[in-house]
Amino acid sequence: MKVFKLKTDLQQYLNDLRAEGKTIGLTATMGALHQGHLSLVARAKEQTDVVVATIFVNPTQFNDPKDLEKYPRPIAHDIRLLEQAGCDVLFNPEVTEMYAANEQWHLDIGALEHLLEGKFRPGHYQGVTQIVFKLFDVVKPDLAFFGQKDYQQVMVISRMVELLSLPVKLVMCPIEREADGLAMSSRNVHLSAQEHQTALVLSKTLFWLRDHFSVDEMADLQQQGTDQISHAPGVDFEYLELADGETLLPATPQSKSIVALVAAKVGATRLIDNVIVK
Ligand code: AMP
């Protein structure tokens with residue numbers, strides 16, 4: 001695997017491959033890789049000729065400085081995992097390589113910015129669109145692979161691609177879970193064994209909602225799911241919503257697809273998860 005720290009070196013390398021007619025797949029990550037990330041690399045390998053993974057802990061998408069500081073950064077281990085997964089290229093830039101001092105960014109993504117995650121993490125999606133735009137610009141991928149784990153993020157990036165007419169196709173990949181149902185996340189390393197058990201109420205409730213879903217009972221189901229999570233000891237509940245799969249506004253009987261999304265803190269660790277129920 002080739003590892004690049006500088007944009008110009010990466011661009012030159014990819015330009016040559018593109019000139020040979022090779023297609024490029026991008027998997028953007030913040031590192032501390034797990035099977036969820038590696039499933040994106042595997043999917044990218046199936047669908048494109050050259051797979052580029054990026055590892056960059058993007059400061060502009062963190063609204064909590066402590067969260068940024070304690071974000072795990074096991075780069076040597078990550079490189080081994082990517083090599084084993086057959087990834088072709090890793091781009092692992094420093095913050096100064098990606099950002100000029102006092103850089104400004106704003107993209108009007110409408111209601112999506114302030115719903116759900118946006119409400120609890122103000123500014124988060126401006127930081128996400130800012131860095132993903134830059135990564136698309138450097139890598140110029142044909143296909144970019146994102147996880148359903150961050151469902152709202154996929155919607156936001158898809159809106160950006162549409163607004164700016166970016167020449168990339170997005171592929172949303174399913175959520176990888178632990179055997180007990182917990183959605184894999186880089187933040188799970190912060191959970192104690194007890195907190196891990198406590199956190200299972202999130203996926204259990206989502207599966208329960210999926211198994212009992214009926215359009216006629218949505219309000220009642222959302223309330224029951226909310227009760228299950230908010231009454232669980234050790235859980236600091238943020239939201240549980242049955243949302244329209246396209247707009248993420250509250251689902252209606254007319255919604256073509258419906259997704260149940262949840263966020264909660266367990267101890268000091270903030271977790272999100274979702275399940276497509278319709
Ligand atoms: P992150 O490193 O958390 O920014 O995630 C990088 C990419 O991996 C994003 O597209 C995530 O949605 C995706 N991802 C994270 N966790 C999972 C998971 N458990 N299953 C599938 N994809 C995931």
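Cut-offs used in this document
- Residues numbered from 1 in each chain as written.
- Predicted model: local features only at pLDDT ≥ 70, side-chain atom pairs only at ≥ 80, totals over all residues.
- Heavy atoms only, no water.
- UniProt positions renumbered as here; feature names shortened; annotations may be inferred.
- Helix = DSSP H or I, 4+ residues; strand = E, 2+ residues; numbered from the N terminus.
- Polar contact = N/O pair within 3.5 Å; in protein donor to acceptor, adjacent residues only side chain to side chain.
- Contact = heavy atoms within 4.5 Å.
- Salt bridge = Lys/Arg side-chain N within 4 Å of Asp/Glu carboxyl O.
- Buried < 20%, exposed > 50% of the residue type's maximum accessible area, 1.4 Å probe, protein only.
- Near = heavy atom within 4 Å.
- Areas by Shrake-Rupley, 256 points an atom, 1.4 Å probe, with all protein chains shown as cover.
- Nonpolar A, V, L, I, M, F, W, Y, C, P; charged D, E, K, R; others polar.
- Expected span 1.5 Å × (residues − 1).
- Arc of directions from axis to C-beta.

- Going by the annotation in an unreviewed UniProt entry, the name recorded for the protein chain is Pantothenate synthetase, with Mucilaginibacter yixingensis given as the source organism.

### Notes on the UniProt feature "binding site: beta-alanine" (unreviewed entry) in the protein chain
So, point 1. When the UniProt feature table is mapped to this numbering, "binding site: beta-alanine" (unreviewed entry) covers Q61.
So, point 2. Note on placement: Q61 falls in the loop between β3 (50–55) and α3 (65–70).
So, point 3. Here the side chain of Q61 touches N58 through a polar contact of 3.0 Å, side chain to side chain.

### A closer look at the UniProt feature "binding site: (R)-pantoate" (unreviewed entry) in the protein chain
So, point 1. The UniProt record marks Q61 and Q153 with the feature "binding site: (R)-pantoate" (unreviewed entry), using the residue numbering of this structure. Taken together, the annotated residues stretch across 93 residues yet fold into one region, lying no more than 11.5 Å apart by C-alpha.
So, point 2. Those residues in contact with Q153 that lie beyond four places of it in its chain are Y125, V128 and F146.

### Details of the pattern of salt bridges
Side chains that differ in charge, positive against negative, can pair when their charged atoms come close.
So, point 1. Throughout the structure, instances matching the rule amount to 10 salt bridges.
So, point 2. Between K140 and D137 there is a salt bridge, and its shortest N-O distance comes to 3.7 Å.
So, point 3. K140 sits in the partly exposed class, given a relative accessible area of 43%.
So, point 4. When the shortest N-O distance is used, the salt bridge between R177 and D273 registers 2.9 Å. Of the two residues, R177 is situated in the loop between β6 (169–173) and α9 (193–212) and D273 in strand β9 (residues 269–276); the sequence distance between them amounts to 96 residues.
So, point 5. A relative accessible area of 22% places R177 in the partly exposed class.

### Thoughts on the site of the ligand
So, point 1. H37, G147, D150, E176 and M184 are the nearest of the 16 residues found near the ligand.
So, point 2. Between the ligand and the protein, one listed contact pairs an oxygen atom with a side-chain N or O atom of H37 at 2.9 Å.
So, point 3. M184 places a polar main-chain atom, nitrogen or oxygen, 2.9 Å from a nitrogen atom of the ligand.
So, point 4. Calculation on the ligand without its partners gives an accessible area of 480 Å², and the protein chains cover 93% of this total.
So, point 5. Mapped by element, the contributors of at least two residues to the shell around the ligand are β2 (24–29), α2 (35–47) and β5 (143–147).
So, point 6. Here the shell around the ligand gets 3 residues from one element, more than from any other, and that element is α2.
So, point 7. Taken together, the residues of the shell around the ligand break down into 8 nonpolar, 5 polar and 3 charged.

### Some details on the environment of G21
So, point 1. Tracing the chain through its elements places G21 in the loop between α1 (7–19) and β2.
So, point 2. For G21, a relative accessible area of 56% puts it in the exposed group.
So, point 3. When the C-alpha positions of G21 and A260 are compared, they lie 41 Å apart, and in sequence the two are 239 residues distant.

### Focus: α1
So, point 1. Under the 1.5 Å per step criterion, the end-to-end length of α1 is 18 Å for 13 residues, consistent within 8% with the ideal 18 Å.
So, point 2. Residues of α1 that are buried: L10, L14 and L17. Around the axis of α1, the buried residues are gathered within 55° of arc, so they sit on the same side. Along α1, the residues that are exposed and aim more than 90 degrees away from the buried face are T8, Q12 and A19.

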